[in-house]
Amino acid sequence: MNTNPRQLRLLDEVRARKSATVEQLADTLGVTLQTVRRDVQRLAESGLLTRFHGGVRVPSSTVENLAHTQRETLNAEGKARIAHAVAQQVPNDCSLILNIGTTTEAIAKALLHHRGLRVITNNLNVAAILSGNPGCEVIVTGGVVRARDRGIVGEAAVDFIRQFKVDIALIGISGIEPDGSLRDFDYREVKVAQTIIEQAREVWLAADHSKFNRPAMVQLATLQQIDRLFTDAPPPEPFPALLQDAEVICTVAA
């Protein structure tokens, strides 16, 4: 589904409250109960909300991410702003690694007019996008392709990436927890992403506002390992202090 601004705000309200009644959401959003019920129905059918008697909550799984098609449409406008902000900071004639995720795929689209890029990726969607840029050389890792999102994972991908040292790693993440840990769902994907961080001179994290306070099972890194964060809204508490302590440069994409 394509989420509209009202539905995105509804999702944000439920995330902030952990759970909410239809009446609370209607009052907060200033819309009718019927409108909220209709939005909740669509969001629940898409797996973005879970209904219970009297209200809704966010899906609570820490072991499985949303489907790629759901993530692709969720906050697509915010991800596009992030991608534009990242692309403005990426110089021509540099080397990059892009990992798995819908935000990195948005970044790939924003890099289509750059020149002299050499891009290594374990994301077949990123490779397909950037292969349309004649000024970009794309190198794809070996490994196991996950059918659900065309990401490449496994030890072969890890070994392949260890051959390189790039200027910038552009990484996405599933969740940033209040202790400053960056987390994801698939330990095989995490092992590849950890190697990407090790093989980069700078690490740039691209994460929309929904990733803050979102739990996931496997720790990938900490904010101390990140040089720059690109997001689409000011980070909530306690993240401003965590970012400052970690000396992470935070860019909020307008």
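In this text the structure is predicted, and so the values were computed from the model without any measurement. (Residues numbered from 1 in each chain as written. Predicted model: local features only at pLDDT ≥ 70, side-chain atom pairs only at ≥ 80, totals over all residues. Heavy atoms only, no water.)

1. Examining the nonpolar core
Step number 1: Formed by 33 residues in total, the largest nonpolar core has its most connected members in Ile171, Ile176, Leu182 and Leu205.
Step number 2: Residue contributions to this core peak at five residues, all from helix α9 (residues 187-198).
Step number 3: With 25 residues, the next largest nonpolar core counts Leu111, Leu117, Val126 and Ile168 among its residues. (Core = buried A, V, L, I, M, F, W, Y, C linked by side-chain atoms within 4.5 Å. Buried < 20%, exposed > 50% of the residue type's maximum accessible area, 1.4 Å probe, protein only. Helix = DSSP H or I, 4+ residues; strand = E, 2+ residues; numbered from the N terminus.)

2. Observations regarding the pairing of strand β9 (residues 166-171)
Step number 1: Along β9, five of the six residues are buried, which leaves the element largely enclosed by surrounding structure.
Step number 2: Sheet topology note: the strand β4 (residues 95-98)/β9 ladder contains three bridges and is parallel. Looking at β9, one finds that Leu96 is bridged to Ile168.
Step number 3: Note that β9 and strand β12 (residues 200-206) share five bridges and pair parallel. Each bridged residue has a counterpart across the sheet, and for Ala169 the counterpart in β12 is Val203. (Pairing = 2+ DSSP bridges.)

3. Topic: the domain arrangement of the protein chain
Step number 1: Per the domain assignment, the segments making up the protein chain are domain 1 (5-60) and domain 2 (70-252).
Step number 2: For domain 1 and domain 2, the distance between their C-alpha centres works out to 29 Å. (Domains from an automatic or database assignment.)

4. Let's talk about the sheet that holds strand β15 (residues 249-252)
Step number 1: Taking strand neighbours across the sheet as the criterion, the seven strands line up as β6-β5-β4-β9-β12-β14-β15 in an open arrangement whose pairing is parallel. Sheet topology places β6 (136-140) and β15 at the edges, where each strand pairs with a single neighbour. Across the sheet, the axes of successive neighbouring strands diverge by a mean angle of 20°, strand direction being ignored.
Step number 2: Bridge count for strand β14 (residues 228-231) against β15 is four bridges, and the pairing is parallel. Bridging from a neighbouring strand, Leu229 pairs with Cys250 of β15. (Axes fitted to C-alpha atoms, helices over the stretch in contact; angles between N-to-C directions.)

5. Describing the UniProt feature "domain: HTH deoR-type" (unreviewed entry) in the protein chain
Step number 1: The sites that UniProt annotates as "domain: HTH deoR-type" (unreviewed entry) are residues 3-58.
Step number 2: In residues 3-58, helix accounts for 61% and strand for 14%; the two terminal C-alpha atoms are 15 Å from one another. (UniProt positions renumbered as here; feature names shortened; annotations may be inferred.)

6. A closer look at helix α1 (residues 5-17)
Step number 1: With 13 residues, α1 should reach 18 Å at 1.5 Å per residue; the first-to-last C-alpha distance of 18 Å fits that figure.
Step number 2: Taken together, the buried positions of α1 are occupied by Gln7, Leu8, Leu10, Leu11, Glu13 and Val14.
Step number 3: Turning to α1, the residues buried within the fold contact β1 (19-20), α2 (22-29), α3 (33-45) and β3 (55-57).
Step number 4: By the N-cap criterion, in which a side-chain oxygen at the helix start approaches the backbone nitrogen of a residue two or three places on, α1 is capped by Asn4, the distance to Arg6 being 3.1 Å.
Step number 5: Two residues or fewer past α1, Lys18 is found with a positive phi of approximately 75°. (Expected span 1.5 Å × (residues − 1). Contact = heavy atoms within 4.5 Å. Polar contact = N/O pair within 3.5 Å; in protein donor to acceptor, adjacent residues only side chain to side chain.)

7. Digging into the environment of Thr35
Step number 1: Tracing the backbone shows Thr35 in helix α3.
Step number 2: For Thr35, a relative accessible area of 14% translates into the label buried.
Step number 3: A sequence separation of 29 residues divides Thr35 from Arg6, and the C-alpha atoms of the two residues are 10.0 Å apart.

8. A look at unusual backbone geometry
Step number 1: Across the junction of Glu237 and Pro238, the peptide omega takes the value 5°, indicating a cis bond.
Step number 2: Phi angles above zero are rare outside glycine, and Arg150 is one such case at about 65°.
Step number 3: Within the secondary structure layout, Arg150 lies in the loop between β7 (144-145) and β8 (152-153).
Step number 4: With a phi angle near 65°, Asn213 is a residue other than glycine that sits in the positive phi range.
Step number 5: Inspection of the secondary structure assignment puts Asn213 in the loop between β12 and β13 (218-222).
Step number 6: A relative accessible area of 32% means that Asn213 is categorised as partly exposed.

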